[in-house]
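# Fold and contact review
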Amino acid sequence: MLLTRLKTLSAVAVLALSCLQPAHAADPLKVGFVYTSPIGDHGWTYSHEQGRRVLEELSGNKVSTSFVESVPETADAERVFRDLAQKGHKLIFGTSFGYMNQMVKVAKAFPNTTFMHATGYKTEKNLGAYDLRTYEAAYMLGVIAGKMSKTNKLGMVASVPIPEVIRNINAFTIGARSVNPAITNRIVWLNSWFDPGREREAALALISQGCDVLMQNVNSPAVVQAAQEKGVMGFGWYSDMSKFGGKAHLAAVVLNWGPVYKKIADEVQAGTWKSDKRWLGTRDGAISLAGFSPDLPADVKKLAEERHAAIKAGKFHPFTGPLKDQAGKEFVAAGKVYDDADLLKMNFFVEGLEGSMPK
């Protein structure tokens, strides 16, 4: 009887001691990022890299992250995504449109890994899509450009003719013409996201045609640097590029991916993540204005900030009619808004754009 009681007391003591031991912490979620250009491009990839760092800061030891930079949008990207999955990354972000088909293929091969594709439209059970409403940013910069241009000629250095880029070009033009109907916008297409040498050449070509305010949908500061060199004006795109543009730099749009990445990682860890298409913007705190030139007239800055506030409050949409296409045909009636389904497949230019859509 006494022996049985001693054994019972011993078992209780062992259990009590075990309860005092710290619980074994769960392994951190391994998160991988794939970038199409170097993290020092100061544009699109730079903004995602800042988001990755914010994810780490906000998550502490709950996540561990890694990245692969300068991955071309070719079949070889499949190898990179596959390698990250094989190394135990349970959440993988592909940050460029051209990775879409490769990610679909790899997602099917790794059903227990969650994949998120930036700017794409294809999904699988374990593959979702996410994007920011960068057209809102382009519109706000267009308002400034329309006020600041003396020649009424704007220039755009554009990357790849997909709906995402076409929306930005159109929104920039709409914003400019909302304050100056005489504005026209010219485009040079590069068919590349990151090529500083060609970006500079395109900017110089536009300046030679009389464009005195330059916009871009490419990733380096080369455009605003060319503007500074030639005494015209430009903008930071995806990050504050004022340190590169000097007096030429009118303002910048900054993308904030950190909270987006944190929310997705939290969902994966909690087991609540579901495949969907996420499109966030100014209202979500993911897009902001920064880097205003000290020489920017106060009334122009105020107007841009007012438009920014209206978009953030949901009181205004950049694609609010009446709007006409390049041929002069109305595609949004007065008081109506071009809806998301149409924006996501936009493949035409608006009134005020010069030149034709590339083949």
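Each remark here, short or long, concerns the structure printed above.
Here the structure is a predicted model, which means the values were calculated and not measured.

## Focus on the pairing of strand S4 (residues 114-118)
Counting buried positions along S4 gives 5 out of 5 residues, so the element sits mostly inside the fold. Going residue by residue along S4, you find Thr114, Met116 and Ala118 tucked away on one face and Phe115 and His117 tucked away on the opposite face as well. As judged from the 4 bridges shared by strand S3 (residues 91-94) and S4, these two strands associate in the parallel manner. Residue pairing in the sheet places Phe93 in a bridge with Met116 of S4. For the segment spanning S3, helix H4 (residues 100-109) and S4, crossover handedness is right-handed. Alignment of S4 against strand S5 (residues 127-132), held across 4 bridges, turns out to be parallel. Residue pairing across strands places Ala118 opposite Tyr130, the latter belonging to S5.

## Some points on the nonpolar core
Core analysis: the largest hydrophobic core is formed by 74 residues, its most contacted members being Leu91, Phe93, Leu141, Ile144, Phe172, Phe235 and Phe319. For this core, the element with the highest residue contribution is helix H5 (residues 134-148), accounting for 10 residues. Each residue touching Ile144, except ones within four places of it in the same chain, is listed here: Phe235, Leu250, Ala251, Phe292, Leu296, Val300 and Ala304.

## A word on the packing of aromatic side chains
Think of a pair of aromatic rings as described by two things: how far the centres are apart, and how the planes are tilted against each other in angle. Within this structure, the stated rule accounts for 22 aromatic pairs. With a centroid separation of 5.7 Å and an interplanar angle of 80 degrees, the aromatic rings of Phe93 and Tyr130 are classed as edge-to-face. Of this pair, Phe93 sits in strand S3 while Tyr130 is found in strand S5, placing the two residues 37 residues apart along the sequence. Taken individually, Phe93 and Tyr130 each receive the classification buried, so the pair is uniform in this respect.

## Regarding the pattern of salt bridges
Scanning the entire structure with this criterion turns up 19 salt bridges. The partner of Asp295 in a salt bridge is Lys247, and the shortest N-O contact between them spans 3.7 Å. Taken as a pair, Asp295 in the loop between strand S12 (287-290) and helix H11 (298-312) and Lys247 in the loop between helix H9 (242-245) and strand S10 (249-255) lie far apart in primary sequence, 48 residues in all. Comparing Asp295 with Lys247 shows no difference in burial state: the two are exposed. Ionic pairing is found between Lys262 and Asp266, a salt bridge with its closest N-O pair at 2.7 Å. Of this pair, Lys262 and Asp266 both sit in helix H10 (residues 258-270), 4 residues apart, roughly one helical turn. Counted as one network, the salt bridges with shared partners bring together Glu49, Arg52, Arg53 and Glu56.

## Considerations on the pairing of strand S6 (residues 153-158)
Of all 6 residues in S6, 5 are buried, a share of seventy percent or more. With respect to chirality, the unit in which S6 leads through helix H6 (residues 163-179) into the neighbouring parallel strand S7 (residues 184-189) is right-handed. In terms of strand pairing, S6 meets strand S8 (residues 213-216) through 4 bridges, oriented parallel. Across the sheet, residue Leu154 finds its bridge partner in S8, namely Val213.

Reading the values: the criteria
- Residues numbered from 1 in each chain as written.
- Predicted model: local features only at pLDDT ≥ 70, side-chain atom pairs only at ≥ 80, totals over all residues.
- Heavy atoms only, no water.
- Buried < 20%, exposed > 50% of the residue type's maximum accessible area, 1.4 Å probe, protein only.
- Helix = DSSP H or I, 4+ residues; strand = E, 2+ residues; numbered from the N terminus.
- Pairing = 2+ DSSP bridges.
- Right-handed = clockwise from strand over helix to strand, strands pointing away.
- Core = buried A, V, L, I, M, F, W, Y, C linked by side-chain atoms within 4.5 Å.
- Contact = heavy atoms within 4.5 Å.
- Phe/Tyr/Trp six-rings, centres within 6.5 Å; stacked < 30°, edge-to-face > 60°.
- Salt bridge = Lys/Arg side-chain N within 4 Å of Asp/Glu carboxyl O.

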